[in-house]
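Here is how the chains run, residue by residue.
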Amino acid sequence: MNAKTSIASMTGFSRTHGQAGPVSWIWELRSVNGKGLDIKLRLPGGLDALEFPLRDLAARRLKRGNVSGTLTLKRDAVSGIMPDLAVLERVKELAIDLADNIPGALPPRAELLLGLPGVMRSVSAQDDTEAEQAVLATAVQAGFTGALVQLVEARAGEGARLAGIAAALLGEIEALHAAAAVEAATQPALHKARLTAQLAEILGATPALPEERIAQEIALLATKSDVREELDRLHAHIGAARALLAEGTGIGRKLDFLMQEFNREANTLCSKSASLALTSIGLSLKAAIEQLREQVQNIE
């Protein structure tokens, strides 16, 4: 997909895994909607220094969304055990001193000493060397990069789906706009008939108002209820939205703002309507615009 026309969603998930010596690792990245870019990483102890470089890497690839990343480490099964010589020596001294002070007590037995807590420990439980830590850090950094690439691809795939939905909804809004324009052309005649009927009811048997005065009132009412400006602006907004969809990259905020303008015109159209038909079209417009707004809020 061409980078200039690609639309990305803010929703996505990715997972990578691998092995670094005796340690296996798993990266999971999730992203959801957000007003800006918020990146939160959970790293095991000893790898905290990687947080800022990884956050910076993510910030270069993503523009918006709440992104969370979790790194899980698991050490392989214990390959052997060995005594902690310092602990063993201390325990032996204490056991001998105790046996010397108890009449008839036997000297401490080796297998009993080795069975005491803390004397024996697994080989893999010892602290990793600096070289092992460096290998692990390099591996999880590469794993994060891979997970980030997958996340970007997932968001792009979801973005393509959103673009299709948005284009279809814009087509629906455009059709409703055309129907509203046709119906709006009947508004002046409807206003004239309604005003004339109201005047006849109010005046009753009294002399009718001059035709010129009635025409003035109708003109004033027609001006107040004219929806041509709203329809013109709505038409312009539809064109602007299509242009943004064609532009693709980083359009979420602009589209979100444009949806407010769409809503404003639809609301005014309904408030100025003089017919049930135009009101019905206006309500359908509001429903389609709301559906489009919900989709737009997922776009980066």
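The structure we're discussing is the one just above.
Here the structure is a predicted model, which is why all the values come from computation and not from measurement.

Q: So what exactly am I meant to see when it comes to the nonpolar core here?
A: Soluble globular proteins: nonpolar side chains tend toward being buried together. Residues Ile173, Leu255, Phe262 and Leu292 are the most contacted members of the largest nonpolar core, which totals 31 residues. If you tally residues by element for this core, the top one is helix H4 (residues 130-184), at eight residues. Discounting residues that sit within four places of it in the chain, Leu292 has contacts with Ala166, Leu169, Leu170, Ile173 and Met259. Formed by 24 residues, the second largest nonpolar core is a distinct cluster that contains Leu41, Leu47, Ala139 and Val140.

Q: In this structure, what is going on with the packing of helix H7 (residues 228-247) against helix H8 (residues 252-272)? I would like to understand it.
A: Packed helices, taken two at a time, are described by the angle between their axes plus the distance between the axes. Between H7 and H8, whose axes approach to 10 Å, the crossing angle comes to 160°. One way to sum up the angle between H7 and H8 is to call them roughly antiparallel. For H7 against H8, the interelement crossing comes out left-handed. Residues Glu230, Leu231, Arg233, Leu234, His237, Ile238, Ala240, Ala241, Leu244, Leu245 and Glu247 of H7 form the contact with H8, whose own contacting residues are Lys254, Leu255, Leu258, Glu261, Phe262, Glu265, Thr268, Leu269 and Lys272. In terms of residue class, the contact of H7 with H8 is built from eleven nonpolar, two polar and seven charged.

Q: What should I look at first to understand H7 in this one?
A: One full turn of an α-helix is made of 3.6 residues, so residues set three or four places apart face in the same direction. For H7, with 20 residues, the first-to-last C-alpha span of 29 Å sits near the 28 Å given by 1.5 Å per residue. Turning to H7, its buried residues number three or more, namely Glu230, Leu231, Leu234, His237, Ile238, Ala241, Leu244 and Leu245. Take H7 and look down its axis: the buried residues cluster within an arc of 135°, on one side only. In H7, the exposed positions angled more than 90 degrees off the buried face are occupied by Arg228, Glu229 and Asp232. Packing partners of the buried residues in H7 comprise H4, H8 and helix H9 (276-296).

Q: Sorry if this is basic, but what is going on with the pattern of salt bridges here?
A: Side chains carrying opposite charge are able to pair once their charged atoms draw close together. If you walk through the whole model with that rule in mind, you get 13 salt bridges. A salt bridge links Arg155 to Glu300; its shortest N-O distance comes to 2.6 Å. One end of the pair, Arg155, is in helix H4; the other, Glu300, is in the segment after H9, and 145 residues separate them in sequence. Glu300 carries the same exposure label as Arg155, and that label is buried. Among the salt bridges present, the one from Glu290 reaches Arg293, with a minimum N-O distance of 2.6 Å. You can see Glu290 and its partner Arg293 sitting in helix H9, three residues apart, about one turn around the helix. Residue Arg293 is classed as partly exposed on the basis of its relative accessible area of 23%.

The rules we used
Residues numbered from 1 in each chain as written. Predicted model: local features only at pLDDT ≥ 70, side-chain atom pairs only at ≥ 80, totals over all residues. Heavy atoms only, no water. Core = buried A, V, L, I, M, F, W, Y, C linked by side-chain atoms within 4.5 Å. Buried < 20%, exposed > 50% of the residue type's maximum accessible area, 1.4 Å probe, protein only. Helix = DSSP H or I, 4+ residues; strand = E, 2+ residues; numbered from the N terminus. Contact = heavy atoms within 4.5 Å. Axes fitted to C-alpha atoms, helices over the stretch in contact; angles between N-to-C directions. Parallel < 35°, antiparallel > 145°, perpendicular 65-115°, else oblique. Left-handed = near helix turned anticlockwise from the far one by under 90°. Nonpolar A, V, L, I, M, F, W, Y, C, P; charged D, E, K, R; others polar. Expected span 1.5 Å × (residues − 1). Arc of directions from axis to C-beta. Salt bridge = Lys/Arg side-chain N within 4 Å of Asp/Glu carboxyl O.

Everything listed here is a matter of coordinates, which is why it stays silent on function.
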